[in-house]
Amino acid sequence: MKITFCGAAETVTGSCHLIETNGVRILLDCGLFQGQREIRERNRAGFPFDPKTIDYVLLSHAHLDHVGLIPLLVKNGFHGEVVTTPPSAEIAKVILTDSAHIQVEDAAYRARKARRRGEKARPPLYDVGDVLDSLDAFRKPIPYEVPIVLKDGVEAVLHDAGHILGSATVELRAEGKTVLYSGDLGNRHRPIVRDPKDPCEADTVLIESTYGDREHRTLDNSVAELREAIKTVIGRGGNLLIPSFALERTQEVLYELFLMWQKDELPKCKIFLDSPLAIATTRIFSRHPDYFDVEGKELFSNVPNPFHFPPLHCTQTTDESKRINGVSEGSIIIAGSGMCTGGRIIHHLRHNLWREEAGVIFVGYQARGTIGRQIVDGAKKVNIFGEETAVRAQIWTVNGFSAHADQPILLDWLAKTRAKQVFLVHGEERSLKGFEKAINEKLSIDSHIPAWKEEVDNL
Ligand SMILES: [Zn+2]
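Residues numbered from 1 in each chain as written. Predicted model: local features only at pLDDT ≥ 70, side-chain atom pairs only at ≥ 80, totals over all residues. Heavy atoms only, no water.

Peer 1: So what's going on with the coordination of the zinc ion? Residues and values would help.
Peer 2: Of the protein atoms, only His 61 (NE2), His 63 (ND1), His 163 (NE2) and Asp 184 (OD) coordinate the zinc ion, at distances of 2.2 to 2.3 Å. Because the angles between the four donor atoms bound to the zinc ion fall within 92 to 166 degrees, the donor set is best described as irregular. Counting along the primary sequence, the residues that act as donors to the zinc ion give the motif H-x1-H-x99-H-x20-D. A residue pair is termed long-range when its members are at least 10 positions apart, and His 61 in the loop between β4 (56-58) and α2 (64-67) and Asp 184 in the loop between β9 (177-181) and β10 (204-208) qualify at 123 residues. With relative accessibility at 0%, the residue His 61 sits in the buried group. For Asp 184, a relative accessible area of 1% gives the class buried. (Donors = N, O, S within 2.8 Å, 3.2 Å for Na, K, Ca; no water. Tetrahedral: all angles 85-135°; square planar, octahedral: opposite > 155°, others 65-115°. Helix = DSSP H or I, 4+ residues; strand = E, 2+ residues; numbered from the N terminus. Buried < 20%, exposed > 50% of the residue type's maximum accessible area, 1.4 Å probe, protein only.)

Pasting the structure below:
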C-alpha cells in the first residue's frame, strides 16, 4: 500500500491523500486550499496525479477544505464514485454550488484588475456547470457502519466523526491491514451532533491536528461569553456580529440563542440569519434528525425550535440583507463567511466595525491571512473593500464552540486505535509540532508530519 499526501500536509486546508492498493486508486477527500495566497495557488498547480486514474473519493465530510476540489477533479477526467454519507452528499451540493459562485465572482473581479494592468485574466477554477457535472459522482450515499467493497480485498467503512452533520472517519481495509483516516474529529458534549465514535483498531492512522497543541475551554464558558457579549452589546444599542461558518457552527449558535430565548434571558432584539448558504444548510439539518443526538432529536420534534422561533429572521435576498443596516435598535447578525474572507459579513463589518457600541464575536477558527485573524490578533485597522476601517467595536473570541477535538480528545482517540504508525495532517506548524511532542511523550506510536506531495511506500 502506498500513500501520497496531496493536501492538508503541513497546513490545514486542501485535505487530499492518495492511497494505492491492490490496483485501486483512492482519494481520502479532495478539498480546496484556502487562506494565504501561496497556499491558494496550489488549487491552480494541477493535481499531483491523473484524475482519470482515480477510482474512488472517500469523502469524510462536506466542508469546503475537504470537498471543494471535486468539481475540478471531475472537470479533469475523474469518472469514479464519491463514497460518503447521505447528509454529506446533500451538504456537498449546496457547499459546492456556493463555492462555484464565489469562484466565478472572484475571477470576474480579478479579471477587471488584470485587464487594467494589461495582463491576461485567469478563468474561475470551476463554475456551477462543473458542479452539476460532478454531482453524479455522489450517486450512492452510504450510511455509517455499512461496509462497502471497493474491489476484491479492498473494503471501506464510514464511522461517525461527531464533527458536523454526516461527518465520518474512514476505515480502509486492504492487504490484511487497516488504515484509519480521522477526517475532522469532533469535540465532545456538543449540541445536536453525536460525540465522535470510539475508533476501530488500525495499523496506520492519518489524524487531523487542527488543535493538536491546545486544550479548549469548555462549551459552558463559551456560552457564558456569548451571553455576556449579547447582553453588553444589545444593552447599549449596538449590533452584535457573529461571523459564522454556514454549517454546524451557525446551527449551534442558533441552538444557544434559542435556549436563551426560551428561558427569557435573551434581551429584546431581532436575530438575523443573513446567509443564504446557512439557511440552506439549516434546512438540510431539518431533513436529517436521525443523525442528531438524543436531546437534539427531542428538541427538534417541536415548534418553536432552534431553527424556528419568533426573534429569528432569515434574510434570503440582498435587499433584505441591506435593510438590516436600517434597523435602529441593536440586532444579532449571523453571517458568513466564518473567517470574513467574503460574503455578507464583510458588508456588516464595514457598517459596524468602527462603531464603539458594536461588537463582534468570533466562534470559529480563523486561518492566517484572513480579515478574521487580523481582528482576532488585535489589528487597530483592517482593509475592507480597499478602504481602511478602524476596529473600535468590542471583540470576543470564544473557542469552546469548536467542532474540532482538542489535544486530550485527539490523544485519547489515537491511543484507542492501537496504531503502529501515525501521520499528522490538517494542522498549522505549531499545532502539528505540539501534537507530535504530546504523542512522543504519552503514546508509543511512531509519528510523522508528512510534507506536501510526500510519498510513503510499504504501509
Ligand atoms: Zn471540517
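Peer 1: Quick rundown of the packing of helix α6 (residues 219-235) against helix α7 (residues 249-262)? Include the residues and the values.
Peer 2: As a packed pair, α6 and α7 sit with axes 11 Å apart at the nearest point and diverge in direction by 65 degrees. If you check the angle between α6 and α7, you find them roughly perpendicular. Where α6 crosses over α7, the two elements pack in a sense that is right-handed. Contacts from Leu 219, Val 223, Leu 226, Arg 227 and Ile 230 of α6 reach α7 at Glu 256, Leu 257 and Met 260. In the contact of α6 with α7, the residues fall into six nonpolar, no polar and two charged. (Axes fitted to C-alpha atoms, helices over the stretch in contact; angles between N-to-C directions. Parallel < 35°, antiparallel > 145°, perpendicular 65-115°, else oblique. Left-handed = near helix turned anticlockwise from the far one by under 90°. Contact = heavy atoms within 4.5 Å. Nonpolar A, V, L, I, M, F, W, Y, C, P; charged D, E, K, R; others polar.)

Peer 1: Mind laying out the nonpolar core, listing which residues take part and the relevant values?
Peer 2: Among the nonpolar cores identified, the biggest contains 105 residues, and Leu 58, Leu 150 and Ile 332 are the most heavily contacted of them. The residue makeup of this core includes at least three contributed by each of domain 1 (2-214 + 403-456) and domain 2 (219-397). Once residues within four sequence positions are removed from consideration, Leu 58 is found in contact with Ile 26, Leu 27, Leu 28, Asp 29, Val 83, Leu 150, Ala 156, Val 170 and Leu 172. Judged by nonpolar contacts, the second largest core, of 23 residues, contains Leu 185, Ile 409, Ile 439 and Ile 449. (Core = buried A, V, L, I, M, F, W, Y, C linked by side-chain atoms within 4.5 Å. Domains from an automatic or database assignment.)

Peer 1: Kindly report on the environment of Thr 210, identifying the contributing residues and their values.
Peer 2: Counting through the fold element by element, Thr 210 comes out in the loop between β10 and α6. Assessed through its relative accessible area of 2%, Thr 210 is described here as buried. Expressed as a C-alpha distance, the spacing of Thr 210 and Leu 32, which sit 178 residues apart in the sequence, is 16 Å. Contacts of Thr 210, omitting those with residues within four sequence positions, involve Tyr 365, His 404, His 426, Gly 427 and Ser 431. A polar contact is formed between the side chain of Thr 210 and the side chain of His 404, at a distance of 3.4 Å. Among the polar contacts listed, one links the side chain of Thr 210 to the side chain of His 426, at a separation of 3.0 Å. (Polar contact = N/O pair within 3.5 Å; in protein donor to acceptor, adjacent residues only side chain to side chain.)

Peer 1: Now, about the sheet that holds strand β19 (residues 421-425): what can you tell me, with residues and values included?
Peer 2: Judged by pairing direction, the sheet is mixed, and its seven strands sit side by side in the order β6-β7-β8-β9-β10-β19-β20 without closing on themselves. Of all strands in the sheet, those with a lone pairing partner are β6 (148-151) and β20 (446-448), marking the two edges. The sheet shows a mean angle of 20 degrees between the axes of neighbouring strands, taken without regard to direction. The sheet contact formed by β9 and β10 spans three bridges and is parallel. For Tyr 181, the partnering residue across the bridge sits in β10 and is Leu 206. Its contacts with the sheet place helix α13 (residues 407-417) against β8 (168-174), β9, β10 and β19, and it is angled at close to 170 degrees to β10. Across the sheet, helix α14 (residues 429-442) lies against β10, β19 and β20, angled at about 160 degrees from β19, the strand it touches most. (Pairing = 2+ DSSP bridges.)

Peer 1: I'd love a proper account of the pattern of salt bridges, names of residues and values included.
Peer 2: The full count for this structure, using the stated rule, is 30 salt bridges. A salt bridge links Arg 190 to Glu 252; the shortest N-O distance between them is 2.3 Å. Pair noted here: Arg 190 is in the loop between β9 and β10 and Glu 252 is in helix α7, with a separation of 62 residues, a long-range link. Residue Glu 441 pairs with Lys 437 through a salt bridge whose shortest N-O separation is 3.4 Å. Of this pair, Glu 441 and Lys 437 both sit in helix α14, four residues apart, which is roughly one turn of the helix. (Salt bridge = Lys/Arg side-chain N within 4 Å of Asp/Glu carboxyl O.)

Peer 1: Go over α13 with me, naming the residues and quoting the values.
Peer 2: Taken as a whole, α13 has its buried residues at Gln 407, Ile 409, Leu 410, Leu 411, Trp 413, Leu 414 and Thr 417. Against β8, β9, β10, β19 and α14 lie the buried residues of α13. Count one or two residues on from α13 and you reach Arg 418, which has phi positive near 50 degrees.

Peer 1: Any details on the sheet that holds strand β13 (residues 312-314)? Residues and values, ideally.
Peer 2: Backbone hydrogen bonds hold the strands of a sheet together, and the pairing may be parallel or antiparallel. Across the sheet, which stays open at both edges, the six strands sit in the order β13-β12-β14-β11-β15-β18 with parallel pairing between neighbours. The two strands at the open ends of the sheet, each matched to only one other strand, are β13 and β18 (394-397). Each adjacent strand pair in this sheet contributes to an overall mean axis angle of 20 degrees, direction not counted. Of the pairings in the sheet, the one linking strand β12 (residues 270-273) to strand β14 (residues 331-335) comprises four bridges and is parallel in character. Counted as the bridge partner of Ile 271 is Ile 332 from β14. In this fold α7 packs onto β11 (240-243), β12, β13 and β14, with an angle of close to 160 degrees to the strand it touches most, β14.

Peer 1: So what's going on with the domain arrangement of the protein chain? Which residues, and what values?
Peer 2: Domain boundaries in the protein chain define domain 1 (2-214 + 403-456) and domain 2 (219-397). Its C-alpha centre places domain 1 at a distance of 27 Å from the equivalent point of domain 2. Between domain 1 and domain 2, roughly 2500 Å² of surface is buried when both sides are summed, and carbon and sulfur atoms account for 64% of that area. On inspection of domain 1 and its partner domain 2, the count reaches four salt bridges. With a shortest N-O distance of 2.7 Å, Arg 287 and Glu 90 are connected by a salt bridge. At the junction of domain 1 and domain 2, the tally comes to seven residue pairs in polar contact (both at pLDDT 80 or more). Its residues assigned to classes, the side of domain 1 that touches domain 2 comprises 16 nonpolar, eight polar and five charged. (Buried area = accessible area lost by both parts, 1.4 Å probe.)

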